[in-house]
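As a plain string of letters, each chain reads:
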Amino acid sequence: MKENKNNIYKLTADETQRRFETDFESGLTSQEASARLERHGPNQLKEGKKTPFWKKFLLQFKDFLIIVLLVAAVVSGLLGEVSDMILIMLIVIINAVIGVIQENKAEDAIASLKKMAVSEAKVLRDGRVITVPASTLVPGDIVNLDAGDNIPADGRLIESASLQIQESALTGESVPVDKTTDAIDRDEVPLGDRKNMVFMNSIVTNGRGRFIVTDTGMNTEIGKIAGMINASEPMTTPLQKNIDKLGKTLGIAALVACALIFVIGLLRGGSPLQMFLTAISLAVAAIPEGLPAIVTVVLAMGSTRLAEKNAIIRKLPAVETLGCASVICSDKTGTLTQNRMTIKKVYANEGLIDAEDILDDGFTASEKFVVRIGNLCNDASIVENEEKIIEIGDPTEVAMVAYADNLGFDKNISLQEAPRVAEIPFDSDRKLMTTVHHYQDTWLSFTKGAPDILIDRCDEYLKGYEVLPFDEKAKAEVRRINNELAENAYRVLGYAFNQYAKQPETTQEKVENHLIFAGLTGMIDPPREEVGDAISECHSAGIETVMITGDHKVTAVAIAKELGIYGENSQALSGIELDAMSDEEFDNVIERTNVYARVSPENKVRIVESWQRKGKVVAMTGDGVNDAPALKKADIGCAMGITGTDVTKEASEMILTDDKFSTIVSAVKEGRRIYANIRKAVHFLLSCNIAEILTLFIATVLGWVQPLLPVHILWINLVTDSLPALALGMEKAEDDIMKYPPRKASDSIFADGYGVRMILQGIMLAIISLLVFNYGLNKYGIEEARTMIFAVLGLSQLVHVFNVRSAYGSVFSRNLFTNRYLWGGIAISVAMQLIVIFVPALHPFFNVTTMNMSEWGVIIAAAFAPLVIVEIMKFIERSFLKK
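What counts, and at which threshold
- Residues numbered from 1 in each chain as written.
- Predicted model: local features only at pLDDT ≥ 70, side-chain atom pairs only at ≥ 80, totals over all residues.
- Heavy atoms only, no water.
- Helix = DSSP H or I, 4+ residues; strand = E, 2+ residues; numbered from the N terminus.
- Buried < 20%, exposed > 50% of the residue type's maximum accessible area, 1.4 Å probe, protein only.
- Areas by Shrake-Rupley, 256 points an atom, 1.4 Å probe, with all protein chains shown as cover.
- Pairing = 2+ DSSP bridges.
- Axes fitted to C-alpha atoms, helices over the stretch in contact; angles between N-to-C directions.
- Contact = heavy atoms within 4.5 Å.
- Expected span 1.5 Å × (residues − 1).
- Parallel < 35°, antiparallel > 145°, perpendicular 65-115°, else oblique.
- Left-handed = near helix turned anticlockwise from the far one by under 90°.
- Nonpolar A, V, L, I, M, F, W, Y, C, P; charged D, E, K, R; others polar.
- Salt bridge = Lys/Arg side-chain N within 4 Å of Asp/Glu carboxyl O.
- Phe/Tyr/Trp six-rings, centres within 6.5 Å; stacked < 30°, edge-to-face > 60°.
- Lys NZ or Arg CZ within 6 Å of the ring centre and 35° of its normal.

Engineer: Describe the overall build of the protein chain, naming the residues involved and giving the relevant values.
Structural biologist: For the protein chain, the helix and strand inventory stands at 35 helices and 26 strands. Here the protein chain holds 883 residues, and 54% of them are scored as buried. Total accessible area computed for the protein chain in this model is approximately 37,700 Å², and 56% of it derives from carbon and sulfur atoms.

Engineer: Give a description of the sheet that holds strand β9 (residues 327-331) that names residues and reports values.
Structural biologist: Backbone hydrogen bonds are what pair the strands of a sheet, in a parallel or an antiparallel way. Read across the open sheet, the eight strands follow the order β8-β26-β25-β24-β9-β21-β23-β22; overall the sheet is mixed. The sheet terminates laterally at β8 (311-313) and β22 (571-574), the two strands that pair on one side only. The sheet shows a mean angle of 20° between the axes of neighbouring strands, taken without regard to direction. Both strand β21 (residues 544-549) and strand β23 (residues 593-597) contribute to a ladder of three bridges, which runs parallel. Note that in β23 the partner of T549 across the bridge is A597. Across the sheet, helix α22 (residues 553-563) touches β21, β22 and β23, and the angle it forms with β23 is around 140°. Docked against the sheet, helix α28 (residues 661-702) engages β8, β9, β21, β24 (618-622) and β26 (654-656), running at close to 160° with respect to β9.

Engineer: Please give an account of helix α32 (residues 782-800) that cites residues and values.
Structural biologist: Relative to the 27 Å expected for 19 residues at 1.5 Å per residue, α32 spans 26 Å between its end C-alpha atoms, a close match to the ideal helical length. In terms of burial, α32 is largely enclosed, as 16 of its 19 residues are buried.

Engineer: Residues and numbers for the side chain of H843, please.
Structural biologist: Tracing the sequence through the fold places H843 in helix α34 (residues 843-846). The exposure class assigned to H843 is buried, which follows from its relative accessible area of 10%.

Engineer: So what's going on with the packing of α28 against α32? Which residues, and what values?
Structural biologist: Interaxial distance between α28 and α32 falls to 10 Å at its minimum, and their mutual angle equals 160°. Relative to α32, the element α28 lies roughly antiparallel. Every pair of crossing elements has a handedness; the one defined by α28 and α32 is right-handed. Of α32, the residues touching α28 (which contributes F684, S687, C688, A691, E692 and T695) are I789, L793, Q797 and H800. Grouping the amino acids of the contact of α28 with α32 by side-chain chemistry returns five nonpolar, four polar and one charged.

Engineer: For unusual backbone geometry, give the residues involved together with the corresponding values.
Structural biologist: Here S162, not a glycine, exhibits a phi torsion of approximately 50°, which is positive. The residue S162 is located in strand β4 (residues 154-166) in this model. Its relative accessible area of 30% is what places S162 among the partly exposed residues. Of note in this structure, R598 is not a glycine but carries a positive phi near 55°. When you line up the elements, R598 lands in the loop between β23 and α25 (601-613).

Engineer: Break down the pattern of salt bridges for me, citing the residues and quoting the values.
Structural biologist: Counted by the stated rule, this structure contains 32 salt bridges. In this structure, the salt-bridge partner of K332 is D551, at a minimum N-O distance of 3.4 Å. Here K332 is found in helix α13 (residues 332-336), whereas its partner D551 is found in the loop between β21 and α22, with 219 residues between them in sequence. Of the two residues examined, K332 and D551, each falls in the buried class. Measuring nitrogen to oxygen at the nearest pair gives 2.5 Å for the salt bridge that ties D354 to K345. You can call D354 partly exposed: its relative accessible area is 32%. Relative accessible area serves as the criterion here: at 21%, K345 is assigned to the partly exposed category. Taken together, the shared-partner salt bridges in this structure form one network comprising D427, R430, R457 and E512.

Engineer: Explain the environment of A745 residue by residue, including any values.
Structural biologist: Mapped onto the elements of the fold, A745 is located in the loop between α30 (723-728) and α31 (754-779). Each C-alpha atom, one on A745 and one on G323, is 9.9 Å from the other, the two residues being 422 residues apart in sequence.

Engineer: Explain the packing of α28 against α31 to me, and be specific about the residues and the numbers.
Structural biologist: To characterise two packed helices, one gives the angle between the axes of the helices and the distance between these axes. The interhelical angle for the contact between α28 and α31, taken along N-to-C directions, is 45°, at an axis separation of 7 Å. Considering their axes alone, α28 and α31 lie oblique with respect to each other. The handedness of the crossing between α28 and α31 is right-handed. Here α28 contributes R679, V682, H683, L686, S687, C688, I690, A691, L694, T695, I698 and A699 to the contact with α31, which in turn contributes Y754, R757, M758, I759, Q761, G762, I763, L765, A766, S769 and L770. Among the residues forming the contact of α28 with α31, the class breakdown is 15 nonpolar, six polar and two charged.

Engineer: Tell me about the packing of aromatic side chains, residues and numbers included.
Structural biologist: Inspection of every chain in the model, using the stated rule, returns ten aromatic pairs. Relative to F517, the ring of F470 has its centre 5.2 Å away and its plane inclined at 10°; by these criteria the two rings are stacked. Here F517 lies in strand β20 (residues 515-524) and F470 lies in the loop between β18 (466-469) and α19 (472-487), a separation of 47 residues in the sequence. Assessed through its relative accessible area of 3%, F517 is described here as buried. Ring centres of F838 and W856 lie 5.3 Å apart, and the angle between their planes is 5°; this geometry places the pair in the stacked category. Taken as a pair, F838 in helix α33 (residues 820-838) and W856 in helix α35 (residues 853-882) lie far apart in primary sequence, 18 residues in all. A connected cluster of aromatic rings, assembled from ring pairs, spans Y461, F470 and F517. A cation sits over an aromatic face here: R672 above Y740, 5.3 Å from the ring centre. Over the aromatic face of Y754 sits the side chain of R757, whose NZ or CZ is 5.3 Å from the ring centroid.

Shown next, in the form of structure tokens:
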């Protein structure tokens, strides 16, 4: 057998038979089938190599910050701080377990693909049709298809009788495809237009057929998708990169600072043991061991909030990644549109009107006939039960039944009044369907179908209650309306009828000629109502919106224009046009290309990769198997919860339970809030840690007596690193959070002046603390001075948390009480700090003493000083920015 399988759709059925060395009448012999199975392998999808659980678990400990935390845990244990050691180890292990759970995406996706595989197939072998396991199919097998069958392999049709196949899993389009056996004489044909081919995991919705198997297993279109899922490397999120970079920076800075303090302390005559313990304690305090836990908890809380807004997060870091999404590539059908064909235009009585106007103004006899023909010459039905409405049949026919129902024409009642007595089913060759009905003492034939065919079958047309000659002038006007609707992406159907004194012969010659033309309908899958506002919000937030669809370019552009996606300078590309471009050529046009039509799974991956080469963070939506590779490649894959396949869901980071585009925009807003809050927590933790390091460093350099003992440092670190920092993660979004462009994925967590602000505020806290210490030392003595700096450093940091709530806004410019968690965290932390100072029994453990009212006055004034100073700094910054 020849192995060249390119462009099989260009071959005739006989040429395909010869190429695959098979026989229409007898199929392959069992011996030949076995030989080919040995050569090609089973008709199954292969899974990628699985990583053992233990290896996945150990890989979670490779991040630098985690390594630093493990070292800090060991040092804490050596210093006798067992509780600190247990807490740090617990944090690290929980993070590792969460990481392992989230890393099974690719394996689950392939497993879901395998579940979709067909178990059996009806195949012609040795001259008879037998049922065999689908896994044993080989190229050259001839397979029989009937309505309801799942297609077991890719192949070329050799017989087709009214055959329609649902290929939405591959193409994304929900309307079944009419199949034919004719060769297609074109070089480049998109998957959705290969009318003489069938593909694995598609479903036969109508008719019957036979095909020659051309590809099996990983060589099928579904197999290629499985291969792309296997080949896709896991992405590192911007937050993961930032936290890893932060860990390295903190680890190195803390070690350098502690080493300097130890050396300078020794040179100043300090006790080697005391200086070593101080340096080690400071090293432990300098590393924000609570940060990984805070990040995890904040992401988990964000995930819970998103679940309430119909977005389920499968991978926690994706919550934050959404916040820097700069491009949203969205599937059209079902996400931007309703995935429900709807009649929007009606042409009857020599006029084109909006379908809704009939509801308001009533209808003429011509319009009534159009509605009745669409309702009765129809095999679809809409069934209502207590739980939901079930739509049965072809989407275009369902649209007709729904429209008639809205106008008060119940199909069941109509059929009782005019029962169907005969029919000629639709087929793709003549493009018409006819039903015959007995109405009172007469018979009526109703015909619907392609307008260009139907017009030529009509001799008269209906205007009001009058039947007029359908001359060339009248026909030309109908053709003009048909073209106008088609150019605006409407799917157009024509309607005609005839009346008979007795029941006519049910033949095409008799009931599909010399008809009376009634009118046209234009239907379209309309945009979701909320999508326009969501896209406007994306534009305000600097987010590019891109439509990707398996539909035709004209339809895609029309919907994109209506939604505001396609502007004056936009362009649209088809999959074939994209295939003809090099990566460099594509990169040059991608920023002005907002619509992609008739695309393949490979095209979708290229679109994502091109945007990523531009430094963009890409969110990608999808529901079909064909979307899975692109979802896995994107920074944030968003699967549809209602229409999405299991494969798509497993390949995604987020599942939209309501299938709405607006839910993605809500998720982006939540992602921005979460990143802003994590940044606030980092800002708070590091400015406080800088204050602790500088307090000891400056005192050591100046030759002062050591202001803080190791126990003081560890206690302050425990009090301020936990609850207040965690509570900052619960802050509500600022009002203008969707009014500025997304941050770049490469931006540091210290970008936009955050790093400088942290250092300056850390210096401020350190100076205030040292001034209080110096005051206490000169006026009261070392024990009182240490107690005062211990109280001031702890309490001033808790007051400082209010400074961090907004980078530029005044603490009084927003409601102080919107975050109850913050007040609760501060109350508990203040209570812990005061208990140590006010309970005499704890004084020996913490080396503190009781203080008088004068000392407390200084402490309280110093604790609130950071609030006043930062408010002044923010006022100056705001004034400067206005200029």
